[in-house]
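Structure at a glance
The lines below spell out each chain.
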Amino acid sequence: MTFRINGTTLQEPAMLLSEWVASGTALTRQYTLRYDALSGPALKAFLSRLTAAAVTMHFLDPLTDTQADAAVKPVSLSCEAAAERAGVMWYAPCTFVLKQA
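Notes on the structure follow. (Residues numbered from 1 in each chain as written. Predicted model: local features only at pLDDT ≥ 70, side-chain atom pairs only at ≥ 80, totals over all residues. Heavy atoms only, no water.)

**Some thoughts on the overall build of the protein**
- Within the protein, the regular secondary structure consists of one helix and eight strands.
- For the protein, the succession of helices and strands along the chain, N to C, is β-β-β-β-β-α-β-β-β.
- Here the C-alpha radius of gyration of the protein, 14 Å, is about what a compact globule of 101 residues would show, namely 13 Å.
- Its C-alpha atoms give the protein principal-axis dimensions of about 50 × 25 × 25 Å.
- By residue count, 31% of the 101 residues in the protein fall in the buried class.
- A separation of at least 24 residues holds for 56% of the contacts in the protein among residues at least 6 apart in sequence.
- For the protein, the accessible area works out to roughly 5,600 Å², and carbon and sulfur atoms hold 53% of it.
- Taking the average place of the 8 positive charges on the side chains of the protein and the average place of its 8 negative ones, the gap between the two points comes to 7 Å. (Helix = DSSP H or I, 4+ residues; strand = E, 2+ residues; numbered from the N terminus. Rg over C-alpha atoms; globule rule 2.2 N^0.38 Å. Buried < 20%, exposed > 50% of the residue type's maximum accessible area, 1.4 Å probe, protein only. Contact = heavy atoms within 4.5 Å. Areas by Shrake-Rupley, 256 points an atom, 1.4 Å probe, with all protein chains shown as cover. Lys, Arg positive; Asp, Glu negative; His and termini not counted. Charge placed at Lys NZ, Arg CZ, Asp CG, Glu CD.)

In structure tokens form, the structure reads like this:
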């Protein structure tokens, strides 16, 4: 699977959950990305792209089983500091919840 945020290829998530959630009176798609561990530089790459004014995610859409693009906005982002290895901080687990914009 090729996974990109705003055109930049990033590490594939260990888990991608796609679900329909209520948003007022309508249903909208929500995506939960879970990473077992991300290095500090990888986390910085994600956060810098997810906090942009416009966010486009390119991923394998389980609804169509094809590569797709979705305009999304961050709903919640969580990471725990796990350990420092060879001078690099690692965070685990990391979960990003994105809702279709």
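Still to come is the rest of the account.
**With respect to the nonpolar core**
- Grouped together as the largest cluster of nonpolar side chains are 19 residues, with contacts concentrated most on F3, Y35, L38, F46, M57 and F96.
- Those elements that place two or more of their residues in this core are β4 (26-35), α1 (40-50), β6 (55-61), β7 (66-85) and β8 (88-100).
- At four residues, the largest contribution of residues to this core is made by α1.
- Contact partners of Y35, with chain neighbours within four places excluded, come to F3, Q11, E12, P13, A14, F46, P93, C94 and F96. (Core = buried A, V, L, I, M, F, W, Y, C linked by side-chain atoms within 4.5 Å.)

**Considerations on the packing of aromatic side chains**
- Throughout the structure, instances matching the rule amount to five aromatic pairs.
- On the numbers, 5.1 Å between centres and 65° between planes, the contact of Y31 with F59 is edge-to-face. Of the two residues, Y31 is situated in strand β4 and F59 in strand β6; the sequence distance between them amounts to 28 residues. Note on accessibility: Y31 and F59 belong to one class, buried.
- Among the aromatic residues, those joined into a ring-pair cluster are F3, Y35, F46 and F96.
- One residue, R29, lies across the ring of W20, its end atom 5.5 Å from the ring centre.
- A cation sits over an aromatic face here: R85 above W90, 4.6 Å from the ring centre. (Phe/Tyr/Trp six-rings, centres within 6.5 Å; stacked < 30°, edge-to-face > 60°. Lys NZ or Arg CZ within 6 Å of the ring centre and 35° of its normal.)

**Describing α1**
- Taken together, the buried positions of α1 are occupied by A42, L43, F46 and L50. When α1 is viewed along its axis, its buried side chains cluster within an angular range of 100° and face the same direction. Residues of α1 that are exposed and point more than 90 degrees away from the buried face comprise P41 and K44.
- Close packing links the buried residues of α1 with β1 (4-5), β4, β5 (38-39), β6, β7 and β8. (Arc of directions from axis to C-beta.)

**Overview of a nonpolar patch on the surface**
- Taken together, W20, L27 and L63 make up a surface patch of nonpolar side chains, about 380 Å² in accessible area.
- Along the chain, W20 falls in strand β3 (residues 15-23). (Patch = residues over 30% accessible without salt bridge, like charges linked within 9 Å, V, L, I, M, F, W, Y side chains within 5 Å. Salt bridge = Lys/Arg side-chain N within 4 Å of Asp/Glu carboxyl O.)

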